[in-house]
Amino acid sequence: MTGRRGHGVRKDLIAGNWKMNSTHLEAIQMVQKLSYRLDVADHDRVEVVVCPPFTALRSAQTVIEADGLQIRLGAQNCHPDAAGAHTGEVSAPMLAKLSVRYVIAGHSERRQLFAETDAIVNRKAKAIIGAGMTPIVCVGETLEQREAGDAEAVVAAQLGGSLAGVDAPAISGLVVAYEPIWAIGTGRTASADDAGSMASFVRSTIGSRWGEAADGTRILYGGSVNPGNIAGLMAKDDIDGALVGGASLDPDQFASIVRYWL
Ligand code: 13P
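All values derive from a computational prediction rather than experimental measurement.

Engineer: So what exactly am I meant to see when it comes to unusual backbone geometry here?
Structural biologist: For residues besides glycine, phi is generally negative; the peptide bonds are generally trans as well. In the Ramachandran plot, Ser 99 falls in the positive-phi region, its phi being about 65° despite a non-glycine side chain. In this structure Ser 99 comes out as partly exposed when scored by relative accessible area, which is 30%.

Engineer: Sorry if this is basic, but what is going on with the nonpolar core here?
Structural biologist: Proteins that are soluble and globular tend to have nonpolar side chains buried together. Formed by 70 residues in total, the largest nonpolar core has its most connected members in Ile 14, Val 31, Leu 95, Ile 206 and Tyr 221. If you tally residues by element for this core, the top one is helix α10 (residues 192–210), at 7 residues. In this structure Ile 14 touches Val 46, Glu 47, Val 48, Val 49, Ile 230, Gly 241, Ala 242, Val 244, Phe 254, Ile 257 and Val 258, once residues within four positions along its chain are discounted. In terms of nonpolar packing, the next biggest core, distinct from the first, is built from 12 residues, Tyr 102, Ile 104, Cys 138 and Leu 243 among them.

Engineer: What am I meant to see in the sheet that holds strand β2 (residues 46–51) here?
Structural biologist: Pairing between the strands of a sheet is mediated by backbone hydrogen bonds and can be parallel or antiparallel. The parallel closed barrel is built from 8 strands, whose spatial order is β1-β2-β3-β4-β5-β6-β7-β8. Pairs of neighbouring strands in the sheet enclose a mean axial angle of 25°, with direction left out of account. Where strand β3 (residues 72–75) lies against strand β4 (residues 102–105), 2 bridges are found, and the strand directions are parallel. Bridge pairing links Gly 74 to Tyr 102 in β4.

Engineer: Could you clarify how one ought to interpret the packing of aromatic side chains in this entry?
Structural biologist: Aromatic ring pairs: the centre-centre distance and the angle between the two ring planes describe each pair. Tallied over the full model, the rule gives 2 aromatic pairs. A centroid spacing of 5.1 Å and a plane angle of 85° characterise the contact between Tyr 260 and Trp 261, whose relative ring orientation is edge-to-face. Judged by relative accessible area, Tyr 260 falls into the buried class, the value being 8%. Residue Trp 261 is classed as partly exposed on the basis of its relative accessible area, which comes to 27%. Its guanidinium or amino end placed over the ring of Phe 114, Arg 110 lies 4.1 Å from that ring's centre, counting from NZ or CZ. For Arg 209, the ring lying beneath its charged end belongs to Trp 210, and the centroid distance is 4.5 Å.

Basis of the calculations
Residues numbered from 1 in each chain as written. Predicted model: local features only at pLDDT ≥ 70, side-chain atom pairs only at ≥ 80, totals over all residues. Heavy atoms only, no water. Buried < 20%, exposed > 50% of the residue type's maximum accessible area, 1.4 Å probe, protein only. Core = buried A, V, L, I, M, F, W, Y, C linked by side-chain atoms within 4.5 Å. Helix = DSSP H or I, 4+ residues; strand = E, 2+ residues; numbered from the N terminus. Contact = heavy atoms within 4.5 Å. Pairing = 2+ DSSP bridges. Axes fitted to C-alpha atoms, helices over the stretch in contact; angles between N-to-C directions. Phe/Tyr/Trp six-rings, centres within 6.5 Å; stacked < 30°, edge-to-face > 60°. Lys NZ or Arg CZ within 6 Å of the ring centre and 35° of its normal.

Purely spatial values, then, with no claim about function.
Here it is, written out as structure tokens:
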């Protein structure tokens, strides 16, 4: 556990969201290459998570287990129900059986492209927790909302809806990713100050409902994170890590992000 910079008991978490990229064969190589670039000290300091597409999870799990890697496995989505007539969907218990530890819930691409509402994200988060895994609940405003001065109100509403009815122990183990939509895949990162102040707002919003459980919640920033901007983001007291898209597909870049203090 690292106790520096006021993150207290919260261990840094750097997660790679591969989105719809990589076959299972490519995933094996990416996990192996990443593992060669990280050592025990890195893993002591940072929890490293990769979130490949569903079709690559089993292969990634096999490499991680066969080689005894400390890289953790995450998934990008799941259905809220445990089983049933939902053609094409994957449930939380199915993911848990693959040693998946984290599941992204409510990524802005799912909210925008697949019409996921806070109510759906809430059901997914509860299903993920119920299956013994940790949700990475994503929130974040559009450029129009930010320019209208509504960013905090939007994020507060997303948190309220997405986390409704989640109990305090789950909140203290939860991961929230603040990903301003205008910063995703655009090369335009929120300034460290803006990202840090929104992360603090997220923690205080959670704290106002769940009290000190919010001290355990890990808050990530996501949106054009790269080796050049990660250190400034991580210097913020309430930013406990990053959810990395494009740069996580390159093991060299992703490893540099994990080793942000070097
Ligand atoms: P980029 O890092 O490619 O901007 O993507 C961010 C993201 O959406 C991570 O979930």
